[in-house]
Amino acid sequence: ATKCSDISELTPVGVITRICKKKYPYPTRKGVKTLISKICGRQCDTCPATATPSQTPSVYECGDDNDFRFNYTDNKSPDQKATKCSDISELTPIGVQTRICRQKYPYPTGKGVKKPISKICGR
């Protein structure tokens, strides 16, 4: 698996269980290691599948799991763009990831109060 959405395609169930217990440097490949189950909450069954990020109970730290769409183009590196949370880890150099995480967007509906991408995406 290379992204959260790949996890649900894995078989048998034991493979999903094992991958969800692994730690991965997050949000960058140089960051602190975080459990895959924290990064990919819905796919690892640590978040209810029917809850949207804004409706997720506070006992879960689900992040967005790519439900929220935004449009980010970095000012210093215009070729670096992101439209969903999973795109952030692909941005280089690390400064681009830092800048996007500071950006604020109206969440969860695209209207109303703005939240930093770092809070929306759980990064």
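Residues numbered from 1 in each chain as written. Predicted model: local features only at pLDDT ≥ 70, side-chain atom pairs only at ≥ 80, totals over all residues. Heavy atoms only, no water.

(A) Spotlight on the overall build of the protein chain. Summing up its helical and strand segments, the protein chain has five helices and six strands in all. Put simply, the protein chain runs from its N terminus to its C terminus through helices and strands in the order α-α-β-β-α-β-β-α-β-β-α. Looking at the protein chain residue by residue over its 123 residues, the buried ones come to 36%. Here the contacts in the protein chain between residues at least 6 apart in sequence split such that 33% fall between residues at least 24 apart. Of the roughly 7,900 Å² of accessible surface on the protein chain, 52% is carried by carbon and sulfur atoms. (Helix = DSSP H or I, 4+ residues; strand = E, 2+ residues; numbered from the N terminus. Buried < 20%, exposed > 50% of the residue type's maximum accessible area, 1.4 Å probe, protein only. Contact = heavy atoms within 4.5 Å. Areas by Shrake-Rupley, 256 points an atom, 1.4 Å probe, with all protein chains shown as cover.)

(B) Structural context of the nonpolar core. Residues Phe-70, Ile-100, Tyr-105, Ile-117, Ile-120 and Cys-121 are the most contacted members of the largest nonpolar core, which totals 15 residues. Listed by contribution, the elements that provide at least two residues to this core are helix 4 (94-102) and helix 5 (117-120). It is helix 4 that contributes the most residues to this core, three residues altogether. If sequence neighbours within four positions are ignored, Tyr-105 has contacts with Phe-68, Phe-70, Asn-71, Tyr-72, Val-113, Lys-114, Lys-115, Ile-117 and Ile-120. If you look at the next biggest cluster of nonpolar residues, it comprises nine residues, including Cys-4, Ile-7, Ile-36 and Cys-40. (Core = buried A, V, L, I, M, F, W, Y, C linked by side-chain atoms within 4.5 Å.)

(C) Region of interest: the pattern of salt bridges. Applying the stated criterion across every chain yields a total of two salt bridges. Its salt-bridge partner being Asp-74, residue Arg-99 comes within 2.8 Å of it at the nearest N-O pair. Of this pair, Arg-99 sits in helix 4 while Asp-74 sits in the loop between strand 3 (72-73) and strand 4 (81-82), placing them 25 residues apart in sequence. Assessed through its relative accessible area of 24%, Arg-99 is described here as partly exposed. (Salt bridge = Lys/Arg side-chain N within 4 Å of Asp/Glu carboxyl O.)

(D) View of the environment of Ile-19. Among the secondary structure elements, Ile-19 is positioned in helix 2 (residues 13-21). By relative accessible area, which is 22% here, Ile-19 ends up partly exposed. For Ile-19 and Ile-36, which are 17 residues apart along the polypeptide, the C-alpha to C-alpha distance reads 6.9 Å. Those residues within four positions of Ile-19 in sequence are excluded, and the remaining contacts are Ala-1, Ile-7, Leu-10 and Ile-36.

(E) Geometry of the packing of aromatic side chains. With the rule as written, the count across this model stands at one aromatic pair. Between Phe-70 and Tyr-105, the aromatic rings sit 5.4 Å apart at their centres with planes inclined by 40 degrees, giving tilted as the arrangement. Taken together, the residues Phe-70 in the loop between helix 3 (36-39) and strand 3 and Tyr-105 in strand 5 (residues 104-106) connect sequence positions 35 residues apart. Looking at Phe-70, the relative accessible area reads 6%, which means it is buried. (Phe/Tyr/Trp six-rings, centres within 6.5 Å; stacked < 30°, edge-to-face > 60°.)

(F) Just helix 4, in detail. Buried residues of helix 4: Val-96, Gln-97, Ile-100 and Cys-101, and no others. Projected onto a plane normal to the axis of helix 4, the buried residues spread over an arc of 135 degrees and lie on a single side. Among the structural elements, strand 3, strand 4, strand 6 (114-116) and helix 5 are those in contact with the buried residues of helix 4. (Arc of directions from axis to C-beta.)

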